[in-house]
Every structure is written in C-alpha cells, then in structure tokens.
Amino acid sequence: MAASPLTPSVSVIMSAFNEEAVIVSSVRSVLDLRHPHHELIVVNDGSTDATLQALIDGFGLVNDTRPIALTIPLLGSIRGVWTSPHANLRLTVVDSDNSGKTDSINCALNIARNDLIAIVDADSILDPDALIKVSQPFADDPDRVIASGGVVRVANGSQVLNGRVVNVRMPSRLLPQIQAVEYLRAFLLGRAGWSQLEALILISGAFGMFRRDVVMAIGGMDTSSIGEDFELVMRMHEWMRKQTNKYRVVFVVEPVSWTEVPETFSALARQRRRWHRGLWEVLWKYKRMSFNPRYGVVGMLAVPYYWFFELLAPVLEIAGLIIVPLGLVLGVIDPVYVVFFILIAYVYAVIVTLAAMVIEEASFHRYDHWSDLWKALFSAVAENFGYRQLTAIWRVQGWWQAIRGREASWGEMNRSGFNVQPAGKQSL
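Residues numbered from 1 in each chain as written. Predicted model: local features only at pLDDT ≥ 70, side-chain atom pairs only at ≥ 80, totals over all residues. Heavy atoms only, no water.

1. Let's talk about helix 8 (residues 265-285)
And step 1. Taking 1.5 Å per residue, 21 residues should reach 30 Å; helix 8 reaches 30 Å between its end C-alpha atoms and fits that length.
And step 2. Those residues of helix 8 not exposed but buried are Ala-267, Leu-268, Ala-269, Gln-271, Arg-272, His-276, Arg-277, Gly-278, Leu-279, Trp-280, Val-282 and Leu-283.
And step 3. Taken together, the buried residues of helix 8 touch helix 5 (174-196), helix 7 (228-242), helix 9 (296-311), helix 10 (313-330) and helix 12 (370-404). (Helix = DSSP H or I, 4+ residues; strand = E, 2+ residues; numbered from the N terminus. Expected span 1.5 Å × (residues − 1). Buried < 20%, exposed > 50% of the residue type's maximum accessible area, 1.4 Å probe, protein only. Contact = heavy atoms within 4.5 Å.)

2. With respect to the packing of aromatic side chains
For any pair of aromatic rings, the description consists of the separation of the ring centres together with the inter-plane angle of the planes.
And step 1. Under the definition given, this model contains 13 aromatic pairs.
And step 2. Here Phe-187 and Phe-251 contribute two aromatic rings whose centre-to-centre distance is 6.2 Å and whose plane-to-plane angle is 20 degrees, an arrangement assigned as stacked. Taken together, the residues span a long stretch of sequence, with Phe-187 in helix 5 and Phe-251 in strand 12 (residues 248-259) at a distance of 64 residues.
And step 3. Given a relative accessible area of 5%, Phe-187 falls into the buried group.
And step 4. Judged by relative accessible area, which is 7%, Phe-251 ranks as buried.
And step 5. Their ring planes at 25 degrees and their centres at 6.0 Å tell us that Tyr-337 and Phe-341 sit as a pair that is stacked. Here Phe-341 and Tyr-337 lie together in helix 11 (residues 335-363), a separation of four residues that amounts to about one turn. (Phe/Tyr/Trp six-rings, centres within 6.5 Å; stacked < 30°, edge-to-face > 60°.)

3. Considerations on the packing of helix 8 against helix 12
And step 1. Between helix 8 and helix 12, the least distance of the axes is 7 Å, while the angle of their chain directions is 50 degrees. In terms of orientation, helix 8 lies oblique with respect to helix 12. The chirality of how helix 8 crosses helix 12 is right-handed. For the pair helix 8 and helix 12, contact is made by Phe-265, Leu-268, Ala-269, Arg-272, Arg-273, His-276, Arg-277, Trp-280 and Glu-281 and by Tyr-387, Leu-390, Thr-391, Trp-394, Arg-395, Gln-397, Gly-398, Trp-399, Gln-401, Ala-402 and Ile-403, respectively.
And step 2. Within the contact of helix 8 with helix 12, the residues separate by chemical class into 10 nonpolar, five polar and five charged. (Axes fitted to C-alpha atoms, helices over the stretch in contact; angles between N-to-C directions. Parallel < 35°, antiparallel > 145°, perpendicular 65-115°, else oblique. Left-handed = near helix turned anticlockwise from the far one by under 90°. Nonpolar A, V, L, I, M, F, W, Y, C, P; charged D, E, K, R; others polar.)

4. Some points on the nonpolar core
And step 1. Formed by 75 residues in total, the largest nonpolar core has its most connected members in Phe-210 and Phe-230.
And step 2. Among the elements that line this core, the one with the most residues is helix 5, at eight residues.
And step 3. Among residues more than four places away in sequence, those in contact with Phe-230 are Ile-201, Leu-202, Leu-279, Val-282, Leu-283 and Tyr-306.
And step 4. Counting 34 residues, the second-largest nonpolar core is a separate cluster that includes Val-10, Val-30, Leu-55 and Phe-138. (Core = buried A, V, L, I, M, F, W, Y, C linked by side-chain atoms within 4.5 Å.)

Right, here's the structure in full:
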C-alpha cells in the first residue's frame, strides 16, 4: 500500500489550541508518515500561546491568499492561511477564531480534497505506518467501509525522537500509569470486540479515519456536541441505515497513535466530566436507536450496552459504595458475603486488565523493560482503590451538569510536552 497508486489518498486534519509544547513534534510525525498520498491540514483554533508562530517558524510557512469555498458553514472566521513553499511538504495551516474543535475540523473539511479524512489530536504522535494500517480496510473493502480507528496508547514517559516514539516506557507517576492500562483495556478488549460484532459506535477523537464523501453528505461535525467523535460515528450509522446501504465501521487492533494523558487530578477530572457528559448527550440525542431492530446489532446491542454499562455504571458503583457500608452498620448484610463480593468484583477487574496486557505483550511487545511490566501490574491493582471511585464521582458530576443545563467547559490541560530525545542520543 505504501507504494501503490491505488491506495486511497488521505487528508489528515488536526485542530490545535494552545499546543505550543507538542505541536511541532505532532506535525512532524504526521508529515513523515509512510503513505503515497497524504496531506496535513492544521487549524489553529484561536490559540493564545505561540502555537501558530511555532508552526510558521518550524516549517518555514508562507501566507496563502487563495479563497476558500465554504461548503460547510463555520461559526468562526478564518484569519489567515499558511502553506509550505516546498512542493514535497504537504502542509496547510489555517488560523481561525476560537470556535471549538468541531468547528475547526469543519474548517479543514472545506479545504480537504482527498478520498479519506483522518482526524487526529494535536497532542498525538503517530506511528510511521499509522495511515497505512488504518486505511487498509478502505482499500480491502472500498464499497462498504466508511470509518476505521486504531489503538491509542499513552506516551507519557516514553522518549520521542524526530516526531517518533522510539523508546516506549511506562509513565513515572502512578496517575498516568493507571490511565495507560486503562487505555489498553478499553481498546484491545472493548473496541476490538465491538468491531468483530460489526457494532462499533465509538472511534476515538485522538485518531479516526472516515470516508470524506460520507462525512460531507451528513454535514460535517456537529458543533453543538461535546462528544463530537461519538456523535459523528452515531450519525454515520443512522445515515447509512436510512440509505439502506451495507456498510462497516472497523477497528484496527494495532497501536497507531500516542497521546499525552493528564498528570494531575484536576485535569483528569475535567476530562472525565466532559467524556461522560458527551456520552449522555449523544445517547439522549440518538435514543430512538435503542432496542430498534431497524439499526441491527447497533440498535439492539451496542447502544443499550452504552446506556446500561457505560452511562449508568458510575451511578451504580457510587450507590454500592454507599449502600454496602450502610448495610454493614445496620446489620442487614453478612460481612462474609461483603468480603467475597468485593474480592470477586475487584479480582475480576484486575483479571480483565491483565488479559489486555497479555494480548498487548503477545501481539506487539512494546515494553522491553521488566520494570514497566511491574508498573503496569501494580497499576492494574491500584486503580481499584481510589482511582475508580474518583472517576465514578467525576463522571456522575459531568452527567449532572448536563442534566442541569450548565454550560460545558473543556478547560485547559497543561501540557508538559513529550520526552524528546536529542538526535544522536537515541536510547534503545
């Protein structure tokens, strides 16, 4: 595929807001990807730091005054466009008013002209074959595949050289360590399973690929949605079902994207509140799909699962944390039963995480150091004591904010930047 002229062309879209610490590494990693025909469109979403200037200086960009036809209306205004004067550097940077990630993506959609679009986060670094791997399903089944996604891995603690993760390590701090095993479990077990059932309804906003004609036909991204990645895939499912076309949404079980996760409780709390609020808003918007045989496995299994085992899960967990101790105090619950119940619940949670780690090691073996495996093992146990309970509380808070109609706010995650290894001193 890397050499074939029949490989579908890809327009990579990246929205950036105050990403000065990581933007040059992220852009370089995309530009250097192995793919016969891909371009990168970066939209600077009104950053207040030096994100735009870092791009201009880092890649020698010049101002482009060509007019842009807006097929999809925008909320913000375009303040300027910069491109590379070099023909082999397929980079376009758009400077726009701060109007949110979804509007930035719509802005880039108006500029993109390739067969496929890939949406990536500005704090992500892609593997060299990322576009090849995730576009493979489109080449294999061009008539039916409309979207695909791959595994997103945690980059905190790993070393980066020339826009590439060259030495994969577990983070040094416990909080991102737990998130690392959390990501493994979610992607290698959760989404891989839904893909096999042809019921995948969520592709991570950190890295997803879509057929441009389908995305344009449904009007681009929904600027009113917080869970924009989830909403887009749900809308694609609904639209394709109404068209009565056979289609597939595919998950590629390979690590292709590396992202920086929150290292502080405050940043993590904002992230999880937003995620759960987005989950609620999208599920409520598409509630007509629940238990609706018209939508096949998606309507009869996937959407109800997300209602009961994703949306309601933190409520049930918090209720259990209150009811069980209260039952013990009142003497209505057998203490022996409680001990065994807790052991079964948390041992099962650890086993599921360990299964994901075994799959990762057997398939990809990214961690070469025993110390990293011990950290992962410890994190798989530690997440059940405090971390899970905190994230459950934050998720319920996000849901409650949505129900009360409070204005959504993503907040700002302070980036520490990737652990960049100087050229010539690569540690293998």
